[in-house]
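# Descriptive analysis of the structure
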Amino acid sequence: MQIEASLWNASWATDGGRMQISLSYAPFEARYRGFDVARCSVDKSSDMNQFSSSGSVLKQGGGEEFSEELLLKPFPDRKVLAHFHFQSRAPHSSSHGRHHHLFPKAIAQLVKKFRVKEMELSFTQGRWRYEQWGGFDPLSSNNAKPPGVELWAVFDVPQSLVDVYWRNLTHTLSGLFCASINFLESSTTYSAPELTFKPSFGNLRYGTLPREAVCTENLTPWLKLLPCRDKAGLSALMDRPSIYRGFYHSQRLRLTSSESGSDEVDSGIGLEQTLTVVLQPSSWRTGKTYSVETNIQPSWSISSIFGRNIPGKCVIAKSSNVYLHLDNGLVGELKNLERENAKYVANTFESEGFQSNHAFKISVTPDKVFEEVDYLHGKSTSVIYGFSVEKYSDSQPFDLGLTWKIPVVWSCQQAPLHASRFLMGSGNERGAIAISLESTESSEGLPTSHIIDGRCELRVDIFQVVPWYIKVYFHTLQVFVDKQPRAMADVVDKIRVSPSKDKVSPGVMEMILKLPCGSKSAAFSLEFDKGFLHIDEYPPDANQGFDIPSALISFPSFNARMNFSEDEFLNNSPILSKFQETSPVLSYTEVLLIPLTTPDFSMPYNVITITCTVFALYFGSLLNVLRRRVDEEERILRSRAGRKAGWISQLLSRLSAKLRGRPQEQPTSSLPYSFISFRLVLKILLVASIAVTWQYYFG
Amino acid sequence: MMVRYKMHNSFGFKSLAAMLLLLILSSSTSYRASAETTMHTNNWAVLVCTSRFWFNYRHMANTLSLYRTVKRLGIPDERIILMLADDMACNARNKYPAQVFNNENHKLNLYGDNVEVDYRGYEVTVENFLRVLTGRHEAAVPRSKRLLSDEGSHILLYMTGHGGDEFLKFQDSEELQSHDLADAVKQMKEKHRFKELLIMVDTCQAATLFSQLHSLGVLAIGSSMKGENSYSHHLDSDVGVSVVDRFTFYTLAFFEKLNMYDNASLSSLFTSYNPTLLMSTAYYRTDLYQRKLEEVPVTNFFGSVMETIHTDSAYRTTFSRKTSETIMPLQQSVEHDESRQLINSNVQDQTSDTKIEDKQCPFTRRWNAFQDKLEKIERIDSLVNYGLIIMFPLLLISTWLSR
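Please read all numbers here as calculations on a predicted model, not as lab measurements.

## Observations regarding the overall build of chain A
Along chain A, the regular secondary structure elements total 18 helices and 27 strands. Across the 699 residues in chain A, those meeting the buried criterion constitute 46%. In the structure as shown, chain A presents an accessible area of about 36,400 Å², 55% of it carried by carbon and sulfur atoms.

## Focus on the environment of Arg 89 of chain A
Note that Arg 89 of chain A resides in strand S2 (residues 80-90). Put simply, Arg 89 of chain A and Leu 195 of chain A are 106 residues apart on the chain and 30 Å apart in space, counted from C-alpha to C-alpha.

## Structural notes on the confidence of the model for chain A
All names here are of chain A. On average, chain A scores 81 in pLDDT, and the residues at 70 or more come to 78%. The low-confidence segment residues 41-60, where pLDDT is below 50, has eight contacts with residues more than four positions distant or belonging to other chains. Within the model, the stretch residues 285-292 combines pLDDT values under 50 with 11 contacts to residues more than four positions away or in other chains.

## Structural notes on the interface of chain A and chain B
Between chain A and chain B, the contact holds 55 residues from the first and 54 residues from the second. Between chain A and chain B the total buried area reaches about 5,000 Å² when both faces are included, carbon and sulfur atoms providing 63% of it. Where chain A packs against chain B, one counts five salt bridges. Salt-bridge contacts for Lys 224 of chain A lead to Glu 116 of chain B; the nearest nitrogen and oxygen are separated by 3.2 Å. The interface formed by chain A and chain B includes 16 residue pairs in polar contact (both at pLDDT 80 or more). Listing elements by their share of the side of chain A that touches chain B, those giving two or more residues are helix H6 (159-177), helix H7 (216-223), helix H8 (240-244), helix H17 (647-660) and helix H18 (678-698) of chain A.

## With respect to unusual backbone geometry
Positive phi outside glycine occurs at Arg 78 of chain A, with the angle close to 65°. Within the element layout of this structure, Arg 78 of chain A appears in the loop between strand S1 (65-74) and S2. For Met 279 of chain B, which is not glycine, the phi dihedral falls at a positive 60°. With respect to the helices, strands and loops of the structure, Met 279 of chain B is situated in the loop between helix H8 (275-278) and strand S12 (283-285).

## Some thoughts on the pattern of salt bridges
All names here are of chain A. Taken as a whole, this structure holds 40 salt bridges over all chains when the rule is applied. In this structure, Arg 430 engages Glu 429 in a salt bridge whose closest nitrogen and oxygen atoms are separated by 3.1 Å. Salt bridges sharing common partners tie together Glu 120, Lys 145, Glu 150, Arg 252, Glu 272, Lys 578 and Glu 581.

## Quick word on the nonpolar core
Met 119 of chain A together with Phe 302 of chain B are the most contacted members of the largest nonpolar core, which totals 169 residues. At seven residues, helix H3 (residues 57-72) of chain B tops the list of elements feeding residues into this core. If near-sequence neighbours (up to four positions away) are discounted, Phe 302 of chain B is found in contact with Leu 66, Thr 69, Val 70, Leu 73, Ile 75, Leu 156, Leu 198, Met 200, Phe 255 and Leu 269 of chain B. Counting residues in hydrophobic clusters, the runner-up holds 42 residues, among them Leu 417, Met 509, Ile 553 and Leu 592 of chain A.

## Let's talk about the sheet that holds strand S11 (residues 360-362) of chain A
Residue and element names in this part refer to chain A. Read from one edge to the other, the open sheet built from three strands follows the order S9-S14-S11, with strand pairing classed as antiparallel. One side of each edge strand has no neighbouring strand; the edge strands of this open sheet are strand S9 (300-301) and S11. Where S11 meets strand S14 (residues 401-404), three bridges bridge the pair, whose relative direction is antiparallel. Bridging across to S14, Phe 360 finds its partner in Trp 404.

## Describing the state of the cysteines
Taken as a whole and assessed by the stated rule, the structure comprises two disulfides over all chains. Linked covalently through their sulfurs, Cys 215 of chain A and Cys 90 of chain B form a disulfide whose S-S length is 2.0 Å. Looking down the S-S bond of the Cys 215 of chain A and Cys 90 of chain B bridge, the torsion is 75°, so its handedness is right-handed. You can see Cys 215 of chain A sitting in the loop between strand S6 (204-209) and H7 and its partner Cys 90 of chain B sitting in the loop between strand S2 (80-84) and strand S3 (119-120), one on each of two chains. Assessed through its relative accessible area of 15%, Cys 90 of chain B is described here as buried. Note on cysteine connectivity: Cys 228 of chain A is disulfide-linked to Cys 314 of chain A, with sulfurs 1.7 Å apart. Every disulfide takes its handedness from the sign of the S-S torsion; for Cys 228 of chain A and Cys 314 of chain A that torsion is 75°, giving right-handed. Within this pair, whereas Cys 228 of chain A is found in the loop between H7 and H8, its partner Cys 314 of chain A is found in the loop between helix H9 (302-306) and strand S10 (319-326), the two being separated by 86 residues in sequence. There is no split in this pair, since Cys 228 of chain A and Cys 314 of chain A are both buried.

## Details of H6 of chain A
Residue and element names in this part refer to chain A. Taking 1.5 Å per residue as the helical rise, H6 with its 19 residues ought to reach 27 Å, and the 27 Å between its terminal C-alpha atoms agrees with that figure. Inspection of H6 places Val 162, Tyr 165, Trp 166, Leu 169, Thr 170, His 171, Leu 173, Ser 174, Gly 175 and Phe 177 among the buried residues, and these make up the whole buried set. Immediately downstream of H6, the backbone of Cys 178 shows phi near 55°, a positive value.

## What to know about the confidence of the model for chain B
A low pLDDT score tells you not to read the predicted coordinates there in detail. Residues and elements named next belong to chain B. The pLDDT averaged across chain B works out to 79; a share of 76% of its residues lies at or above 70. Below pLDDT 50 for its whole length, residues 318-360 participates in 43 contacts with residues either more than four positions away or in separate chains. Taken together, the chains of this predicted complex give a pTM of 0.75 and an interface ipTM of 0.77.

## With respect to the packing of aromatic side chains
Taken as a whole, this structure holds 40 aromatic pairs over all chains when the rule is applied. One aromatic cluster is present, formed by Phe 66, Phe 84, Phe 86, Trp 222 and Phe 306 of chain A through successive ring pairs. The lysine or arginine in question, Lys 79 of chain A, covers the ring of Phe 247 of chain A, its NZ or CZ lying 4.4 Å from the ring centre. If you follow Lys 145 of chain B out to its NZ or CZ, it ends over the ring of Tyr 119 of chain B, 5.1 Å from the centre.

## Quick look at the sheet that holds S10 of chain A
Residues and elements named next belong to chain A. Taken in spatial order, the 11 strands make up an open sheet running S5-S6-S4-S3-S7-S8-S2-S1-S10-S13-S12, and their pairing is mixed. Two strands in the sheet have a free side with no partner beyond their single neighbour: strand S5 (190-191) and strand S12 (368-371). Relative to strand S8 (residues 268-279), strand S7 (residues 248-258) runs antiparallel, the two being bridged by 11 bridges. Residue pairing across strands places Thr 256 opposite Gly 270, the latter belonging to S8. The sheet strands contacting H7 are S2, strand S3 (116-125), S7 and S8, and the helix crosses S7 at an angle near 35°.

## Some details on the pairing of strand S16 (residues 430-439) of chain A
Residues and elements named next belong to chain A. Counting buried positions along S16 yields seven of 10 residues, so the element is predominantly enclosed. Where strand S15 (residues 417-424) folds back onto S16 in an antiparallel hairpin, the turn is made up of five residues, including Gly 425, whose phi is positive at roughly 85°. Alignment of S16 against strand S23 (residues 521-530), held across nine bridges, turns out to be antiparallel. Across the sheet, the residue bridging to Arg 430 is Asp 529, located in S23.

## What about a nonpolar patch on the surface?
A contiguous nonpolar surface patch, about 860 Å² in accessible area, is contributed by Ile 610, Val 614, Phe 615, Tyr 618, Phe 619, Leu 622, Val 625 and Leu 626 of chain A. Owing to a relative accessible area of 49%, Tyr 618 of chain A belongs among the partly exposed residues under this scheme.

## Considerations on H18 of chain A
Residue and element names in this part refer to chain A. Taking 1.5 Å of rise per residue, the 21 residues of H18 would be expected to cover 30 Å, and the 30 Å separating its terminal C-alpha atoms lies within 8% of that figure. For H18, the complete set of buried residues consists of Leu 680, Val 687, Ala 688, Ala 691, Gln 695 and Tyr 696. Viewed along the axis of H18, the buried residues span an arc of 165°, placing them on a single side of the element. Seen from the open side of H18, the exposed residues pointing more than 90 degrees away from its buried face are Phe 678, Arg 679, Leu 685 and Leu 686.

## Describing the environment of Val 157 of chain A
All names here are of chain A. Inspection of the secondary structure puts Val 157 in the loop between strand S4 (148-155) and H6. Given a relative accessible area of 9%, Val 157 falls into the buried group. Sequence spacing of Val 157 and Ala 560 is 403 residues, and the spatial spacing of their C-alpha atoms is 31 Å. Excluding its chain neighbours within four sequence positions, the residues that come into contact with Val 157 are Arg 115, Val 162, Tyr 165 and Asn 203.

Quick notes on the rules
- Residues numbered from 1 in each chain as written.
- Chains lettered and ligands numbered in written order.
- Predicted model: local features only at pLDDT ≥ 70, side-chain atom pairs only at ≥ 80, totals over all residues.
- Heavy atoms only, no water.
- Helix = DSSP H or I, 4+ residues; strand = E, 2+ residues; numbered from the N terminus.
- Buried < 20%, exposed > 50% of the residue type's maximum accessible area, 1.4 Å probe, protein only.
- Areas by Shrake-Rupley, 256 points an atom, 1.4 Å probe, with all protein chains shown as cover.
- pLDDT = per-residue confidence, 0-100.
- Contact = heavy atoms within 4.5 Å.
- Buried area = accessible area lost by both parts, 1.4 Å probe.
- Salt bridge = Lys/Arg side-chain N within 4 Å of Asp/Glu carboxyl O.
- Polar contact = N/O pair within 3.5 Å; in protein donor to acceptor, adjacent residues only side chain to side chain.
- Core = buried A, V, L, I, M, F, W, Y, C linked by side-chain atoms within 4.5 Å.
- Pairing = 2+ DSSP bridges.
- Disulfide = S-S within 2.5 Å.
- Expected span 1.5 Å × (residues − 1).
- Phe/Tyr/Trp six-rings, centres within 6.5 Å; stacked < 30°, edge-to-face > 60°.
- Lys NZ or Arg CZ within 6 Å of the ring centre and 35° of its normal.
- Axes fitted to C-alpha atoms, helices over the stretch in contact; angles between N-to-C directions.
- Patch = residues over 30% accessible without salt bridge, like charges linked within 9 Å, V, L, I, M, F, W, Y side chains within 5 Å.
- Arc of directions from axis to C-beta.

Given below as structure tokens:
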């Protein structure tokens, strides 16, 4: 049992802000008064002792869990991948006022408020290089994301309400992650894929912002969702300058929530946060002289690539592990090298001597070695070394290093088809988008293509969203297989198109393709016209061009999963169990930059000034001609000249005329004069008042 | 209130008119009184960088420097609305990723590890800026993007970018005009969104942006007068562009010496600007601000230092308002004068009568004296006689003249 008190600084609690709480007077002492607790009687003997002796309410955590892991992987192009994986889980709660120990309250509230069933938000800068960094493994399928922001969410609400919930969700996320995700609320930016993206029933929404900047301000709130923030544990490695110096970084947040009752184990909210960074280890920092030899891989360590060490685990994490992943290409290459060097025959991978073999050296002895089991074909399999951070502390930080002894050249396993997309045509009026799929080496040896009706076919799904100002003509879809034009019906199995509506919705194209197995290449082209935007719709940097979001190419018949031999440890490690999940191979194409006709933005101003001048000249002169009366003008002029003299001088002149006895000429026609006129009465009153004042002051 | 009521009756107005006047009067005076007696509750800062593109790096560095300063002096992140029109820290042209410097010695990374940008990129528009100030948001906008100030708030509004005569450019595509700013501030005042507001602007011809301001409690500092430019301070050859503006540089130089507990006054900040170093004349408008600048510490706006009230009992809300008590007599006299003026002239301009007690309309004063003397006269018959006698010659002259 516990009692919690909170100090409120809201205006209602502080008597309209007059009773201020100053935190400089901390620590505070609080007393409870008039406080009556009704509690159930508990069996005193066992439970209470357990709680007090362990002293860890946190570990109990109301069923909440948190674990942190980091996976490091060398890439063939002398770069290193660092993949952080944090996972928290909270059990489902029916009550609203739940207390959160480890699980971020903001996320729990978000799930509850917007009825989110599943959601993924990613912030990415840079492009995942499928050729060099691989495209077949679960790591790239799950974590290679298009540049900018990508958000999709599945809602547990009726279809008519999904758009409203989506809009509110984008606003909340934009506040939570310091990004302009709220631009996704406009119906021109999001779409509802049905065929290719994920099995959904109309309650999925997908939107991307290709130009969204990603920087520290996005990472900081993301880190604040972790129970240890970036103060302890693996997240302490996240030195902002080192991360953003990388070639690719993608921070991702994935939410899954399930109602209670469906499944006892998985019910609740699961939060998976990953940060994937590709960094270039600087070889001069290690102090080795290998830099002269260009083909040797640079040696690196955690401290050399991040500039920091791991100061032990985050104490409230259930598990805290670091993995080093050598992919199957590399392992195969190492095996080949070993076979050549006959003297190292004794050194097999299964033995413990692998971490100090002839090719490289790992500075820390791994606690566990996992080897992938590939039942399908007898090719080489990848190896993962596991290191537990639990025994390290501030005084003895964890630092993993990899030193290469001999040059190794290998390549990562790629997706069956390498997808790229480009623009065709020139000019500001029309153009064409082309998606080309080139077969890669890896697909040739793979027997996983489906054989249907005696025909060997490869299924490819394409999901493409184009903004409304790119007006795509879907009837112009042309298909080329092995550079030969083919009829659409031969290749396209299913197609779903929702044409764009101007300023209302984007164009969406979803295609399910069945390509013949042996085909080397396939290409699709679509023609489009470029639309005109209203002057207010152009962004401030319109001359930079407009982005077409990445197309998503997926290969549902291929599964990006790794098989490990059954192990108790594997199920406790979120990152490895994630690798073992079946997921289709995915890849994103490049973002296209389209120049649109941009107006001269000073033009409206020029037009307004010119038209105003013309109008003024025209109407002014016309009015002058029509309305002008020459005699009247002269009369007015004359009268004005007569009136110009002030009334004092007029009076004087009249006085002098009177004195001389001559009648003065009257410039204006005088009014008929009567003795008892209004003017006279006024004059009398005036004189009387003057007299009274004079009398009063001087009398 | 009762005193005032009696006063009205003694003047012998009709009851309806008196009630009407009382209503107008009490609403206006009680509002003013509330604005003056409301305690300072919290501090907010709205920091805006309005310029896009890499060569405007210095504007973002200016804003982030101020962000760092106010955070250091105690305003928490949730009470800072930071608007940055472009991303400089992770810009592809930035040689130092995730870092922004305001000095070529690169000692201080302004971006740090804990920066919260509320509006960025295309979101920094005049519309959003005015929405933040006036609090007119869509319902879905999260709290972190709103200025949730109250009538006891002190707000610092800092803006930097490219400006001109009575305007400030937003992202090279829109302008904020001085009228827009003044209207927004007036609306804020009427919505009780601030007690005191300091507007600090670092642009060319910054002083012109304040020309339309009329709301009480507003203090404004600009980097340059009309017709003057605001210049950058120095170029960082590593970054490749100028990294800070002169006005902001010297403002920061002033603040770097301070901590939260210093009592440097606003006037010492204002006098610290040296026109020869600034290459422009810093302008400050104080006529709308009632307090003496010598007595107001800079932490009034740039920090979050508040007066604390100690109460003996924990839950009783009877607090001794000593500070407000001392102000009361003066305030009553103000009300008194004001009410009289209202009765006599029946016209009141809400914004113009800031200092009623010493510059009352001369005509009104004369009329009052005249009325007083009129009542004291005893020989009223002789007065009338004299008047009639004088009237005749005057009448004669005038008829003779006008014939």
